[in-house]
Amino acid sequence: MTDEQNTEMTASDIAADIAVPEHLLYSDDHVWVDDSVDPAVLGITEFAAGQLGDLVFVDLPEVGTRVEAGDEIVQLESSKAVSPMISPVAGEVKYVNREAYDDPSVVDTDPYGEGWLVKIELDDDEPDLLSADEYAKVAHD
């Protein structure tokens, strides 16, 4: 078995076991959005956390930063790689999770709770996001 095949199996294994909370919206880039609160809360999905491996550093934007959909707003560094978190929404960063900055492992262990990354006051535009069912199909592919 090649390393590439081994990696694909690992990704499939991770995808099969991930949680996809129904009340959240998702991007193709494995970012979740809770727009039921104001400001909206964003973080990475359990699938993304599993793919990255143990995080060692999280570089958060400054409060007050203006964000457009498609912007790289957070840098996530693991022992494997440095990956950007792409914002699926536009607005202004109102809060950042200092706990995730101080202890990035909180993102690994609780990506949908204490591991949130930023809170953004959304523009009036409706974000083009996936439902939990739609995202689960993306994550499993």
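Residues numbered from 1 in each chain as written. Predicted model: local features only at pLDDT ≥ 70, side-chain atom pairs only at ≥ 80, totals over all residues. Heavy atoms only, no water.

By the naming in an unreviewed UniProt entry, the chain is Glycine cleavage system H protein, taken from Bifidobacterium callimiconis. The annotation that UniProt attaches to the chain under Sequence similarities (unreviewed entry) is "Belongs to the GcvH family." Under Subunit (unreviewed entry), UniProt gives the following word-for-word description of the chain: "The glycine cleavage system is composed of four proteins: P, T, L and H." (UniProt positions renumbered as here; feature names shortened; annotations may be inferred.)

A.B. asks: Help me understand the pairing of strand β6 (residues 72-78), please; the structure alone is not making it clear to me.
C.D. replies: Looking along a regular strand, one sees side chains alternate from face to face of the sheet. Judged from the four bridges that link them, strand β4 (residues 55-59) and β6 form a sheet pairing that is antiparallel. Within β6, the residue paired with F57 across the bridge is E77. Judged from the five bridges that link them, β6 and strand β7 (residues 82-86) form a sheet pairing that is antiparallel. Along β7, the bridge assignment pairs L76 with S83. (Pairing = 2+ DSSP bridges. Helix = DSSP H or I, 4+ residues; strand = E, 2+ residues; numbered from the N terminus.)

A.B. asks: Can you walk me through the side chain of S78 in this structure?
C.D. replies: Tracing the backbone shows S78 in strand β6. A distance of 3.1 Å separates a polar atom in the side chain of S78 from the backbone nitrogen of K80. Excluding its chain neighbours within four sequence positions, the residues that come into contact with S78 are L52, G53, D54, L55 and V56. (Polar contact = N/O pair within 3.5 Å; in protein donor to acceptor, adjacent residues only side chain to side chain. Contact = heavy atoms within 4.5 Å.)

A.B. asks: Is there a simple way to think about the layout of surface pockets in this case?
C.D. replies: Which parts of space are left empty comes out when a probe the size of a water molecule is rolled across the atoms. In this structure, the largest pocket encloses a volume near 170 Å³. As for the largest pocket, its lining consists of 13 residues, and the residues nearest its centre are D29, H30, A48, S83 and P84. Within the residue set of the lining of the largest pocket, elements represented by two or more residues are α2 (46-52) and β7. (1 Å grid on protein atoms, 1.4 Å probe; cavity = no way out; pocket = protein on both sides within 12 Å on 5 of 7 lines; lining within 4 Å. Points joined across faces, edges and corners; volume = space filled by probe spheres on them.)

A.B. asks: Can you help me understand the nonpolar core in this one?
C.D. replies: Generally speaking, nonpolar side chains in soluble globular proteins are found buried as a group. Counting residues in hydrophobic clusters, the biggest one holds 26 residues, and the most contacted among them are L42, I44, V74, L76, M85, L117 and V118. Elements represented by at least two residues in this core include exactly β2 (31-34), β3 (40-44), α2, β4, β6, β8 (91-96), α4 (105-109) and β9 (118-122). The residues contacting V74, other than those within four sequence positions of it, are V58, D59, L60, P61, S83, P84, M85, L117 and V118. Ranked by size, the runner-up nonpolar core spans 14 residues in total, among them L24, V41, F47 and A136. (Core = buried A, V, L, I, M, F, W, Y, C linked by side-chain atoms within 4.5 Å. Buried < 20%, exposed > 50% of the residue type's maximum accessible area, 1.4 Å probe, protein only.)

A.B. asks: For this particular structure, what's the right way to read the packing of aromatic side chains?
C.D. replies: For the structure shown, the criterion picks out three aromatic pairs. Ring centres 6.1 Å apart and planes at 50 degrees place the aromatic pair W32 and Y112 in the tilted group. Highlighted residues: W32 in strand β2 and Y112 in the loop between α4 and β9, separated in sequence by 80 residues. The burial state of W32 is the same as that of Y112; both residues are buried. Ring geometry for F57 and Y101: centres 5.9 Å apart, planes at 65 degrees, overall edge-to-face. Placement of F57 in strand β4 and of Y101 in helix α3 (residues 98-102) is noted, with a sequence separation of 44 residues between them. (Phe/Tyr/Trp six-rings, centres within 6.5 Å; stacked < 30°, edge-to-face > 60°.)

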